[in-house]
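Residue-level listing of the chains:
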Amino acid sequence: CGRGPVGCRGGRTDMALRCAASLAAGRQPRGPRREGTVRWSSAAKASAVKINEKASREKILTLESMNPQVKAVEYAVRGPIVLKAGEIEKELRKGIKKPFTEVIKANIGDAHAMGQRPITFLRQVVALCTYPNLLDSPSFPEDAKKRARRILQGCGGNSLGSYTASQGINCIREDVASYIERRDGGVPADPDNIYLTTGASDGISAILKILISGGGKSRTGVMIPIPQYPLYSAAISELDAIQVNYYLDEENCWGLDVNELRRALNEAKAYCNPKVLCIINPGNPTGQVQNRKCIEDVIHFAWEEKLFLLADEVYQDNVYSEGCQFHSFKKILYEMGPEYYNNVELASFHSTSKGYMGECGYRGGYMEVINLHPEIKGQLVKLLSVRLCPPVSGQAAMDIVVNPPVPGEESYAQFIKEKESVLNNLAKKAKLTEDMFNKIPGIHCNPLQGAMYAFPRIFIPSKAIEEAKAHKMAPDMFYCMKLLEETGICVVPGSGFGQREGTYHFRMTILPPVEKLKILLEKVKDFHIKFLEKYA
């Protein structure tokens, strides 16, 4: 067989392919190794390019061929406006002049990114678990070492780098159960009902996966509050379930009315099978804290209508307003008596990411699921085992949230000081934000009773609405984009969370340091007044 372009067919094809590669790279192709220069005819070049084009076939995965449920997913908290903020940051780094010197990302509840200091004790225990040689160091307190040793004893090979049981490290699940019992005034908690998760989001998604079934009018409907945290709408889209909206009452401090639940449920029965009711308490993005009577009414409604309850309680430490108190759904369910407590199926969620900890990056969390059918329990563990286990460093961080220093331990004084400092600061910023927004013409903000966001209602003039339509944007997206471009402040439009027709909002975190938050709010005020003047 010949080895050059004048040999057999295989030789010519090999040479043509090499030629194609050379042309694609912008190089003049070489001929066989012989004296003199090889000249390629235009026909030879065209043939080589044609072969190369054939070699570059169509992509298997395209927007048309991809999973349509994934394409339907939207997550406003990291949506188009955040991408635009990233572009502006790059431009600032290149020295491109803007009316501001930095982008303030007030779009997401990422406490440490906003300057909040970590809780010392939590970081000490995780450091000891990560590098056990530090257990011999006198720089670490004994109560931190004691917890680290206990966690490491629950890990294979005494290493945080080993896989754990899919449900999580057993001793940490025991600590979670003890925490729930203390929090709820002695209501019993079983470690076997505790599942450690990759943040609360992982648990919520897992429970929804196992709940959703059927087709057509029997497809599972999931009732979610509007406004809502976009994790819910995203998970529902991904799982091809039916989203059933119930509206919170903005005129009543974003209260939850059972009559509204009933309206939403009855209307949904015409096109799906509603069997899941999601509650966010304290609320995100709305910041309301539900009172005991409201929770009792919701539980009774779920019991009466045979709905599976999901209680998202990740902001349970973030309660600021006087007269407001966090009540867990589990506690109220228990106190309503055995008819409710033994029958209502409830999954409750908590996380390391919020509260006073703000440890978003560790992705630590847990869910407690009660009254689950024994056979479904096995199915849930099977589903969780597919992802092997949650991050083990996140499990360790979760353990410190539920098993912090207690009076008499050497780290207690510092821990309490740091915890109270964070929460008192957040309470101060919640009140500051509410007061400053309510002084701006055309903006109204309900009291920030809890969580870590403001969700003010904004007036958008009709001229601005028309211009937004011309740009194919929702009016509040148009508003937030202008705010970003003119001030560098990144917030999330209310349309990303859901809102009543004809109303407009944005969500803004209250996490920046007080002085920066004041500057941010002043900038919003100046922008809003100019916006109203421009589009009046």
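What counts, and where the lines are drawn
Residues numbered from 1 in each chain as written. Predicted model: local features only at pLDDT ≥ 70, side-chain atom pairs only at ≥ 80, totals over all residues. Heavy atoms only, no water. Pairing = 2+ DSSP bridges. Helix = DSSP H or I, 4+ residues; strand = E, 2+ residues; numbered from the N terminus. Axes fitted to C-alpha atoms, helices over the stretch in contact; angles between N-to-C directions. Contact = heavy atoms within 4.5 Å. Expected span 1.5 Å × (residues − 1). Buried < 20%, exposed > 50% of the residue type's maximum accessible area, 1.4 Å probe, protein only. Arc of directions from axis to C-beta. Parallel < 35°, antiparallel > 145°, perpendicular 65-115°, else oblique. Left-handed = near helix turned anticlockwise from the far one by under 90°. Nonpolar A, V, L, I, M, F, W, Y, C, P; charged D, E, K, R; others polar.

1. Quick notes on the sheet that holds strand E5 (residues 273–280)
- Taking strand neighbours across the sheet as the criterion, the 7 strands line up as E2-E8-E7-E6-E5-E3-E4 in an open arrangement whose pairing is mixed. The outermost strands of the open sheet, each flanked by one partner alone, are strand E2 (194–198) and strand E4 (242–247). Shown here is a sheet whose adjacent strand axes are inclined to one another by a mean of 25°, direction ignored.
- Contacts from helix H8 (residues 199–211) reach E2, strand E3 (220–226), E5, strand E6 (308–312), strand E7 (346–351) and strand E8 (364–370) within the one sheet, and its direction differs from that of E2 by about 115°.
- On top of the sheet, helix H10 (residues 258–268) reaches E3, E4 and E5; it is set at about 150° to E4, its chief contact.

2. Some words on helix H14 (residues 374–385)
- Here H14 contains 12 residues, and its C-alpha end-to-end distance of 17 Å stays within 8% of the 16 Å for a straight helix at 1.5 Å per residue.
- Every buried residue of H14 is accounted for by Lys377, Leu380 and Leu384. Here the buried residues of H14 occupy an arc of 60° about the axis, which is enough to place them on one side.
- Among the structural elements, E2, H8 and E8 are those in contact with the buried residues of H14.

3. Observations regarding the packing of helix H7 (residues 170–183) against helix H15 (residues 392–402)
- Packing of H7 against H15 leaves a shortest axis separation of 9 Å and a crossing angle of 30°. In terms of their interaxial angle, H7 and H15 are classed as roughly parallel. Every pair of crossing elements has a handedness; the one defined by H7 and H15 is left-handed. Along its contact with H7, which presents Cys171, Ile172, Asp175, Val176, Tyr179 and Arg182, the element H15 presents Gln395, Ala396, Asp399 and Val402.
- Classifying every residue of the contact of H7 with H15 by side-chain character gives 6 nonpolar, 1 polar and 3 charged.

4. Examining the pairing of E2
- Most of E2 sits inside the fold, with 4 of its 5 residues counted as buried.
- Pairing of E2 with E8, which is carried by 5 bridges, proceeds in the antiparallel orientation. Across the sheet, the residue bridging to isoleucine 194 is glutamate 368, located in E8.

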